[in-house]
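Residue-level structure breakdown
The chain contents come next:
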Amino acid sequence: GNDFGYKKFSLNFQLFFAVGQKLLNQQVANHLDFINNDGTTDISKVKEITFWQKTFNPSDYPMYNPWSNVIPYQSYQDLFLQNASFLKLRSVTFGYDFSKSTNDSNHKPTIKKALLYISATNLFTISPFKNGDPELVDYLGNYTGYGQNLPKTVTVGRRLDL
């Protein structure tokens, strides 16, 4: 994070990153291995939840016969190991202080600070991982695609210090 100030302007931003992070894309593995997942009772294998979404490009993966005796798509293969390094702009705030400073010791200002600001969170992510948010990996390093993305928000406000 960094804080910058120039006269009555202020800029604050926070970057969040992970370098060298890898993940196993279990979402793609489950999607491609639909034949072996159809008869299971595991909730993560239910394809109706997200099956309609286009979250990956099938041409990025080799196509095998899904009805063969060999199970070609297993989620712990390095076929699904992907680079999930990322850099995120977690928050940025830009403000301007409208208060007037006075050097007169007899006159006390009624407002010490009158700050008008605009703040935004989760504006962008730079990552080679294109199938979702690389931050939404479980503790085992699996990306299931079920995590809720952090929303982008913009806030305009004022702060008065009396």
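Cut-offs and rules
- Residues numbered from 1 in each chain as written.
- Predicted model: local features only at pLDDT ≥ 70, side-chain atom pairs only at ≥ 80, totals over all residues.
- Heavy atoms only, no water.
- Helix = DSSP H or I, 4+ residues; strand = E, 2+ residues; numbered from the N terminus.
- Contact = heavy atoms within 4.5 Å.
- Areas by Shrake-Rupley, 256 points an atom, 1.4 Å probe, with all protein chains shown as cover.
- Buried < 20%, exposed > 50% of the residue type's maximum accessible area, 1.4 Å probe, protein only.
- Pairing = 2+ DSSP bridges.
- Axes fitted to C-alpha atoms, helices over the stretch in contact; angles between N-to-C directions.

A tally of regular secondary structure across the protein gives two helices and eight strands. Its helices and strands taken in sequence order, the protein reads β-β-β-α-α-β-β-β-β-β from the N to the C terminus. In the protein, the share of contacts with a sequence separation of at least 24, taken over all contacts with a separation of at least 6, comes to 76%. Surface exposure of the protein reaches about 11400 Å², of which carbon and sulfur atoms provide 57%.

Now for unusual backbone geometry. Positive phi, close to 55°, is recorded for K7, a residue that is not glycine. Tracing the chain through its elements places K7 in the loop between strand 1 (2-6) and strand 2 (9-18). Taking the relative accessible area as the measure of exposure, K7 reaches 74% and is therefore exposed. Phi angles above zero are rare outside glycine, and N122 is one such case at about 55°. Looking at where N122 falls in the secondary structure, it is placed in strand 6 (residues 113-126).

Pairing is antiparallel in the open sheet, where five strands are placed in the order 1-2-5-6-8. Of all strands in the sheet, those bounded by a partner on one side alone are strand 1 and strand 8 (153-161). With strand direction ignored, the average angle separating the axes of adjacent strands in the sheet is 15°. Where strand 1 and strand 2 come together, five bridges link them in antiparallel fashion. Bridging from a neighbouring strand, G5 pairs with S10 of strand 2.

Function cannot be read off these values alone, since they describe shape.
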